[in-house]
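# Structural features, examined
Here is what each chain is made of, one letter per residue.
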Amino acid sequence: MQQDAAWCQSYLASRQEMAPDQPLIWLGIEATQTRVVTGTVAEYALVCLPIGHSQLGSWQPQHSPLTPFDLELAIALVEDTLMPLAATMQKDLPLLVSAPALGDFPEQLPCELVEQRFGELAARAEGDPLAPRGEQSIAYSLSLLILREWMHHLGFHNATLKV
């Protein structure tokens, strides 16, 4: 019950600067799931996806930083979870994201920045000596991966991070 109240508080806090009747999409990336809320304050739909910042379905990464194999497996698991939503997701709504592990990101996230950070993460996973240094925790890696796959495959060009 407490977890249910926590996501609801995070959702309402994220949309404080928006009118209650403004429809939007909110992603709440938690440890073992991602909550997706679509709609307004009064009328919304909630979907819980079994992908989170520490676990994707029943798979839990064992390496930090992720290995190239871990990263490829994680991409496949996230894509398999998200793609059924592609046909039903309204892409012209604002996308708000609650992902505490991405706290060093700016509030406004164009898709290009998310792709750049993901490319850097992938380069570090591959052991590229020229890759920029950066966060490599599992929570950061999976949160970034979930956000990247959401934006990339569901067609969102911008997101607003509400940590």
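All of these numbers come straight from a predicted model, not from anything done at the bench. (Residues numbered from 1 in each chain as written. Predicted model: local features only at pLDDT ≥ 70, side-chain atom pairs only at ≥ 80, totals over all residues. Heavy atoms only, no water.)

A few words on the overall build of the protein chain. Counting its secondary structure elements, the protein chain contains four helices and six strands. Ordered by position from the N terminus, the helices and strands of the protein chain form the series α-β-β-β-α-β-β-α-α-β. Across its three principal directions, the C-alpha atoms of the protein chain cover 50 × 30 × 30 Å. The burial tally for the protein chain puts 45% of its 163 residues in the buried class. Considering only contacts within the protein chain whose residues lie at least 6 apart along the sequence, 65% involve residues at least 24 apart. In the form shown here, the protein chain has an accessible surface area of approximately 8200 Å², with 54% of it arising from carbon and sulfur atoms. Within the protein chain, the 19 negative side-chain charges are centred at a point lying 4 Å from the centre of the 8 positive side-chain charges. (Helix = DSSP H or I, 4+ residues; strand = E, 2+ residues; numbered from the N terminus. Buried < 20%, exposed > 50% of the residue type's maximum accessible area, 1.4 Å probe, protein only. Contact = heavy atoms within 4.5 Å. Areas by Shrake-Rupley, 256 points an atom, 1.4 Å probe, with all protein chains shown as cover. Lys, Arg positive; Asp, Glu negative; His and termini not counted. Charge placed at Lys NZ, Arg CZ, Asp CG, Glu CD.)

The next thing to look at is helix α3 (residues 111-125). The first and last C-alpha atoms of α3 sit 21 Å apart over 15 residues, in line with the 21 Å expected at 1.5 Å per residue. In the core, the buried residues of α3 are packed alongside α2 (68-82), β5 (108-110) and α4 (138-154). Immediately beyond the C-terminal end of α3, within one or two residues, lies G127, with a positive phi of roughly 80 degrees. (Expected span 1.5 Å × (residues − 1).)

Along a regular strand, successive side chains alternate from one face of the sheet to the other. Most of strand β2 (residues 34-39) is tucked away: five of the six residues are buried. In the sheet, strand β1 (residues 24-29) pairs with β2 via six bridges, with the strands oriented antiparallel. Bridge pairing links L27 to V36 in β2. Pairing geometry for β2 and strand β3 (residues 44-49), over six bridges, is antiparallel. (Pairing = 2+ DSSP bridges.)

Turning our attention to the packing of aromatic side chains. Under the counting rule described, the total for this entry stands at seven aromatic pairs. A ring pair is formed by W7 and Y44, whose centres lie 6.5 Å apart and whose planes are at 75 degrees; its orientation type is edge-to-face. With W7 in helix α1 (residues 2-14) and Y44 in strand β3, the pair connects residues that are 37 residues apart, well separated along the chain. Each ring, one from W150 and one from F156, has its centre 6.0 Å from the other, and the planes form 35 degrees; the classification is tilted. Using a relative accessible area of 1% as the deciding quantity, one classes W150 as buried. Residue classification places F156 among the buried positions, given a relative accessible area of 2%. Joined through ring pairs, the aromatic side chains of W7, Y11, W26 and Y44 make up one cluster. Between the NZ or CZ atom of R117 and the centre of the ring of F105, over which it lies, the distance is 4.4 Å. (Phe/Tyr/Trp six-rings, centres within 6.5 Å; stacked < 30°, edge-to-face > 60°. Lys NZ or Arg CZ within 6 Å of the ring centre and 35° of its normal.)

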